[in-house]
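Observations on the model geometry
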Amino acid sequence: MFDASFFTDPYPLYKRLRSGGAIHFAPGTGKSGGWIVPGYDDAANVLADLSLSSARSGVSFAPYLPEERSQLQRIQEIFAESMMFLDPPAHTMWRRIMLKAFTRARMEELKPITTTLAQQLLDAAEDQEQFDFVADYANLLPIHVIAHLLGADVDDHQQFTVWARDISAFVSTVGPSLESAKRAQDATLALYGHLQQAIARRLKTPQEDAISEMIRETHELGLDAAALDHALNVSLPAHCVGLLVAGHETSSNLIGNAMNVAFRRPELLAELVKNPALCHTAADEFARFDSSVQILVRLTKAPGTLLGKAVQPGQVVMALVGSANRDERKFERPEVFDMHRTERSLTFGSGRHYCPGTQMGLMELAIALEQVLRRFPKLALVGTPDELVWRPSVNFRGITAMPVTTN
Ligand code: HEM
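Residues numbered from 1 in each chain as written. Predicted model: local features only at pLDDT ≥ 70, side-chain atom pairs only at ≥ 80, totals over all residues.

A closer look at the nonpolar core
- Counting 81 residues, the largest nonpolar core has Leu141, Leu150, Val241, Leu365, Ala368 and Leu369 as the members making the most contacts within it.
- Of the residues forming this core, the biggest block, 10 residues, is contributed by helix H18 (residues 358–375).
- Not counting residues within four places of it along the chain, the set of residues in contact with Leu141 comprises Leu117, Ala118, Leu121, Glu364 and Ala368.
- Residues Tyr14, Leu17, Val37 and Met318 belong to the second largest nonpolar core, which totals 26 residues. (Core = buried A, V, L, I, M, F, W, Y, C linked by C-beta atoms within 7 Å. Buried ≥ 20, exposed ≤ 12 C-beta atoms within 10 Å, placed from the backbone. Helix = DSSP H or I, 4+ residues; strand = E, 2+ residues; numbered from the N terminus. Contact = placed C-beta atoms within 7 Å.)

Here's what the structure looks like:
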C-alpha cells in the first residue's frame, strides 16, 4: 500500500478509503492489527474520544528486538514523558505548564525574530544562483526559532540543527535502522542535558523567557520537594525535547510542501510574489491542502466498538488527517487550493492534544514564504515538481530536496 507513488501523492488512495467506508482494518499494524479512519468527522471524533489513549510512544520502538530495545532505553523514557504521549491527569497538568511557552505575547515577540532569522538564512543564499529550499531554508528556520524559544544562544543554533536532524531521521522514516535509533538517542540525550542546564540556570536566575515561565507554573502546582525536583529536573527537560520533536519536522515539511503547491500553480505564485503579505492569509490553506502531518495515532484501551467495528485493547487507531483535509463532505471542491476558505482543517489536530504551536507553525510558514518571495521574486524550481522526491514516511509528509534558482 505504501510505495513510492503513495509518498508522492497519497490523495487518490485516501479518496478510495473515504468512499470505501468510515473505518478500515489494517492487519499489518501492531500486534493485533489497527484501524484507519479516513473521514473528517470520524477522524475528529477519534481525536475527541476520551476512551482512546495517546500513550503510543512505544509504537516506534515495537519493531526492534528485545535486546535492541534495551539499548534504546533512554530515548524511550524521554519520549514517553513528552506531553503528546500522555493521557490525563499527567497530560492536563503538563499541558497547563507548557502552554506558558505559547502565550499570545510570546508569539508576537517571535514574529520579528523569525523574520530576522529567515532573512539571515536568505543572506547566505543571496550569493548563490541556486540553493536547496528545503535543506538550506525550510529545514533550518523552525529549528532556529525553537532554539530561540528554548533560550538557546545563537551560537548553539548549529548544535540544535544537528540534534534535530538526527532525531528527525529516526522519527520520520518508515522502519528506521537500529543505528539511526541510536543516533537519535545520542542527540536526544545531548539536547536533554542542554535543557537541564538551561533550566538549572533559570532556577538560579529567572528571566523573562519561556523556560522561566514554565518553571514558575511548575512551582504553582504545590508539589512536595521530591516531586518538584523530579518535575523540574527530569520531566520539564523531556517536555522541552518534545517541543523540538513536535515543532521541527512538522513546520519544516509544511514550508516545503507549501512551496511545492505554489510552484505547481503559476497564477498563485504570481499572486504571492505581487503581494507577499498574502502568504499570511494563505497559510491555513497551505496547511490544509498538503499537510505535513498525515496520520495521528491513538490506542484502544478496552474492548468495545469504534464506528461499528469491534476493537480489542492495545490496537492502533489512525485518524487520517491528510484524508480528512480533503473530505468532500467537509470542504467544497477539496482538490482546489482556495485561500479564502473558513473551515478548520485537522492539520493541527483536535481535542485535548490540539497543537499548542499552531500559531507558531503558521507564523513560521507565512514568514518563510513571504521573506523568500520578497527577496527572490524570480524564485524558480530547478526541474519540474513531478521530479521532487518525497520522504518515505507515512505519518509525516515532506520533500527531501528542492533545488531553486534565484534569478
Ligand atoms: C506547521 C507546523 C505544525 C503542525 C502541522 C503541527 C501539528 C500538530 C498536531 C496534529 C498535533 C496533535 C497531535 C495529536 O493529537 O496526537 C500537535 C501537537 C503538538 N504540537 Fe504541533 N504542529 C506544528 C507546529 C508545532 C510547533 C512549532 C510546536 C512547538 C514548538 C508544536 C508543539 C506541539 C506539541 C508540544 C504538541 C503536543 C500537544 C499535546 O499533546 O497536548 N507544534 N501538533
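A look at the environment of Asp327
- Structurally, the position occupied by Asp327 is in the loop between helix H17 (321–324) and H18.
- Sequence separation between Asp327 and Gly39 is 288 residues; the distance between their C-alpha atoms is 6.1 Å.
- Excluding its chain neighbours within four sequence positions, the residues that come into contact with Asp327 are Arg18, Gly39, Tyr40 and Pro334.

Details of the pairing of strand E8 (residues 316–320)
- By the criterion of burial, E8 is predominantly enclosed, with 5 of the 5 residues buried.
- Along E8, one buried face is formed by Val316, Met318 and Leu320 and the opposite face, lined by Val317 and Ala319, is buried too.
- Sheet analysis places strand E2 (residues 34–37) next to E8, joined by 4 bridges and oriented parallel. Opposite Gly34, over in E8, you have Val316 as the bridge partner. (Pairing = 2+ DSSP bridges.)

Considerations on the packing of helix H14 (residues 249–263) against H18
- One way to put it is that H14 packs onto H18 with a least axis distance of 9 Å and a crossing angle of 40°. Taken together, the axes of H14 and H18 lie oblique to each other. Seen from above, H14 lies across H18 with right-handed handedness. Each of Thr250, Ser251, Leu254, Ile255, Ala258 and Met259 in H14 lies in contact with H18, whose residues at this interface are Gly361, Glu364, Leu365, Ala368 and Leu369.
- Here the contact of H14 with H18 is composed, by residue class, of 7 nonpolar, 3 polar and 1 charged. (Axes fitted to C-alpha atoms, helices over the stretch in contact; angles between N-to-C directions. Parallel < 35°, antiparallel > 145°, perpendicular 65-115°, else oblique. Left-handed = near helix turned anticlockwise from the far one by under 90°. Nonpolar A, V, L, I, M, F, W, Y, C, P; charged D, E, K, R; others polar.)

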